[in-house]
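Below are the chains, spelled out letter by letter.
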Amino acid sequence: MFVSENLTVNEKNHLAIGGCDTVELAKEFATPLYVIDEDLFRKNCRVYKDAIDKYYDGNGLVLYANKALCTMYTCKLAMEEGLGADVVSGGELYTAIKAGFPMDKIYFHGNNKTDEELEMAVSNGVGHIIVDNMYELTRLNDIAKSHGVVQNIMFRIKPGVDAHTHSFIQTGQIDSKFGVALENGEAFEIYKAAHEMSNVNPDGLHCHIGSQIFDVEPFVKAAEIMMNFAGDLKDKLGLAIKKLNLGGGYGIRYTENDDPVPYDEYIKHVSDIVKDTAKKRGLNVPMILMEPGRSISAPAGITLYTVGGIKDIKNVRKYVSVDGGMGDNPRYILYESEYSAVVANKAGDEKTDKVTVAGKCCESGDLLLKDAMLQPAESGDILAVLATGAYNYSMASNYNRIPRPAIVAVSGGNAKVIVKRETYEDIIKNDVL
Ligand SMILES: *Cc1c(COP(=O)(O)O)cnc(C)c1O
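Presented here is a report on the structure given in the accompanying data block.

About the criteria used
Residues numbered from 1 in each chain as written. Predicted model: local features only at pLDDT ≥ 70, side-chain atom pairs only at ≥ 80, totals over all residues. Heavy atoms only, no water. Helix = DSSP H or I, 4+ residues; strand = E, 2+ residues; numbered from the N terminus. Rg over C-alpha atoms; globule rule 2.2 N^0.38 Å. Contact = heavy atoms within 4.5 Å. Lys, Arg positive; Asp, Glu negative; His and termini not counted. Charge placed at Lys NZ, Arg CZ, Asp CG, Glu CD. Buried < 20%, exposed > 50% of the residue type's maximum accessible area, 1.4 Å probe, protein only. Pairing = 2+ DSSP bridges. Salt bridge = Lys/Arg side-chain N within 4 Å of Asp/Glu carboxyl O. Near = heavy atom within 4 Å. Polar contact = N/O pair within 3.5 Å; in protein donor to acceptor, adjacent residues only side chain to side chain. Areas by Shrake-Rupley, 256 points an atom, 1.4 Å probe, with all protein chains shown as cover. Phe/Tyr/Trp six-rings, centres within 6.5 Å; stacked < 30°, edge-to-face > 60°. Lys NZ or Arg CZ within 6 Å of the ring centre and 35° of its normal.

Things to note about the overall build of the chain
- The helix and strand tally for the chain stands at 12 helices and 21 strands.
- In summary, the chain has a C-alpha radius of gyration of 23 Å against a globular reference of 22 Å for 433 residues, a match within 12%.
- Residue pairs in contact within the chain that sit at least 24 positions apart in sequence constitute 70% of those at least 6 positions apart.
- The distance from the centre of the 46 positive side-chain charges to the centre of the 60 negative ones in the chain is 1 Å.

In structure tokens, the structure reads:
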């Protein structure tokens, strides 16, 4: 009935998540409110972990891609489920460190890491740094030398595959700001250069072809290309890679029209090609890493809003305005992304109304859903937008000086605040004059 498996309708005809009535959550914690179903987040972690056990005999590690939703609490959940962490900035690294994440399981990404971030990573003993380019490699070698350590690294490789997704979230092709390309020999050169440096230890390759991908084929293609590149490194330089990190990007269900392949199936197909290519090229199967973000946190999250003014412009469009918008969910304004929503206090009723849900920011593009079907909404109703657990809070801003919502985690009928709602005091706290 709903795009996410964890949502139900209770005896009051209200939407429920993690055993909690969403209308009660809205009352208790106010709106807008992010709600995360802790059990589904954990379950999604396990799907990947189990697949590693099943298809790679446990020789792998799942890294939770923190950029999807990074808080101390979600770090702790991922850690408790035995996952590693993919971080892409000093801020995400800081959050993981403060959450007590084991450093050897942290992988630090980013196409333009600053000296300060590299210093922070090296001095804290980050397990791996995924090096993006030659400039970064030379600086990192110097920084590691100054700390008297040899830093484990991997390289971000552009495998040159088309991921069939929105161009803003395609990252595997040569025309991308991320990583080094295979086609022009860049990838080969950087691996060779690193091998000759004193304070870095290149032990693996990484690729990430994009996000919200529904096809198996680009993942399989990318894995094959990466394994063949590993074969070339062995043949030409005599170097064996130990780790292969295949990134994230698995698509999820935002609307009824989305039909993702079960994640286990992706991993099966990818493992087949990894093993086949290893055999063909005379390589050992490397330790496999993957980095799901969206597919772990998005389905576990919903956002609750209170419906305000409603404008039914005859023969034009019906606007339903809510007390949040692009500040807490910028995905429509960024990608015209689609969502499904439910009037939480009428959750079991039929969706008979075609409406456009608008935010409260001063931008006409500040929408959450356009021309979507919804139960007839009235001012004061609670609206739940579904599958907002990824790239919502993590992309939130204070545009229009609107404080960011709180996040509550729900499980077994209990709800607790894991991130406090911002206050107006928070809004001005860095204004010094
Ligand atoms: C964004 C990103 C991910 C996570 O992608 P999802 O689509 O959220 O699974 C993983 N690895 C890297 C390097 C990324 O940039």
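Things to note about the side chain of Ser295
- Residue placement: Ser295 occurs in helix α10 (residues 294-297).
- Overall, the relative accessible area of 2% leaves Ser295 in the buried class.
- Among all residues touching Ser295, those that are not within four sequence positions of it are Asn44, Tyr48, Tyr250, Ile252 and Tyr263.

Description of the pairing of strand β4 (residues 33-37)
- Of all 5 residues in β4, 5 are buried; the element is thus mostly enclosed.
- Neither face of β4 is open: one carries Leu33, Val35 and Asp37, the other Tyr34 and Ile36, and all of them are buried.
- Where β4 lies against strand β14 (residues 301-313), 4 bridges are found, and the strand directions are antiparallel. Its bridge partner lying in β14, Ile36 is registered against Gly301.

What to know about the pattern of salt bridges
- A complete count under the given rule lists 21 salt bridges for this structure.
- Between Arg281 and Asp235 there is a salt bridge; the shortest N-O distance is 3.1 Å. Remark: Asp235 occurs in helix α8 (residues 217-237) and Arg281 occurs in helix α9 (residues 263-281); sequence separation between them is 46 residues.
- By relative accessible area, which is 22% here, Arg281 ends up partly exposed.
- Shared partners join several salt bridges into a network, and the residues in it are Glu38, Arg42, Arg46, Glu80 and Glu81.

Notes on helix α7 (residues 186-195)
- Turning to α7, its buried residues number three or more, namely Ala187, Phe188, Ile190, Tyr191, Ala193 and Ala194.
- Buried residues belonging to α7 abut α6 (134-146), β9 (151-158), β10 (180-181), β11 (200-206) and α8.

Focus: the environment of Leu40
- Inspection of the secondary structure puts Leu40 in helix α2 (residues 38-56).
- Using a relative accessible area of 4% as the deciding quantity, one classes Leu40 as buried.
- For the pair Leu40 and Thr138, spaced 98 residues apart in the sequence, the C-alpha separation amounts to 42 Å.
- Leave out the neighbours within four places in its chain, and Leu40 touches Glu5, Asn6, Pro299 and Ala300.

A closer look at the site of the ligand
- Near the ligand there are 15 residues, and of these Lys67, Ser211, Glu291, Arg294 and Tyr391 occur at the shortest range.
- Asp86 is positioned with one of its side-chain polar atoms (N or O) 3.2 Å from a nitrogen atom of the ligand.
- Between a nitrogen atom of the ligand and a side-chain N or O atom of Glu291, the distance comes to 2.7 Å.
- In isolation the ligand has 390 Å² of accessible area, and contact with the protein removes 95% of it.

Points about the environment of Ala193
- Residue placement: Ala193 occurs in helix α7.
- C-alpha of Ala193 to C-alpha of Leu137: the two residues are 56 residues apart in sequence and 8.9 Å apart in space.
- Residue contacts for Ala193: discarding those within four places in its chain leaves Met134 and Leu137.

Describing the side chain of Asp37
- Following the sequence through the fold, Asp37 ends up in strand β4.
- Here Asp37 is buried and forms no salt bridge, its nearest opposite-charge partner Arg42 lying at an N-O distance of 8.5 Å.
- From its side chain, Asp37 meets the backbone nitrogen of Asp39 in a polar contact 3.0 Å long.
- A polar atom in the side chain of Asp37 sits 3.2 Å from the backbone nitrogen of Leu40.
- In contact with Asp37, not counting residues within four places along its chain, are Asn6, Ile17, Gly18, Ala300 and Val410.

Focus on the sheet that holds strand β2 (residues 15-17)
- A sheet is described by the order of its strands in space; here 3 strands give the open sequence β1-β2-β3, paired in antiparallel fashion. The strands lining the two open edges of the sheet, one partner per strand, are β1 (7-9) and β3 (20-21).
- Both β1 and β2 contribute to a ladder of 3 bridges, which runs antiparallel. Pairing of Leu7 across the sheet is with Ile17, part of β2.

What about the packing of aromatic side chains?
- Applying the stated criterion across every chain, the model contains 11 aromatic pairs.
- The interplanar angle of 70° and the centroid separation of 5.2 Å between the aromatic rings of Phe41 and Tyr64 together place this pair among those described as edge-to-face. Here Tyr64 lies in strand β5 (residues 60-65) and Phe41 lies in helix α2, a separation of 23 residues in the sequence. Both residues of the pair, Phe41 and Tyr64, count as buried.
- A connected cluster of aromatic rings, assembled from ring pairs, spans Tyr48, Phe219, Tyr250, Tyr263 and Tyr266.
- One cation-aromatic arrangement involves Lys113 over Phe108; the distance from NZ or CZ to the ring centre is 5.9 Å.
- Sitting above the plane of the Tyr135 ring, Arg139 keeps its charged end 4.1 Å from the centroid.

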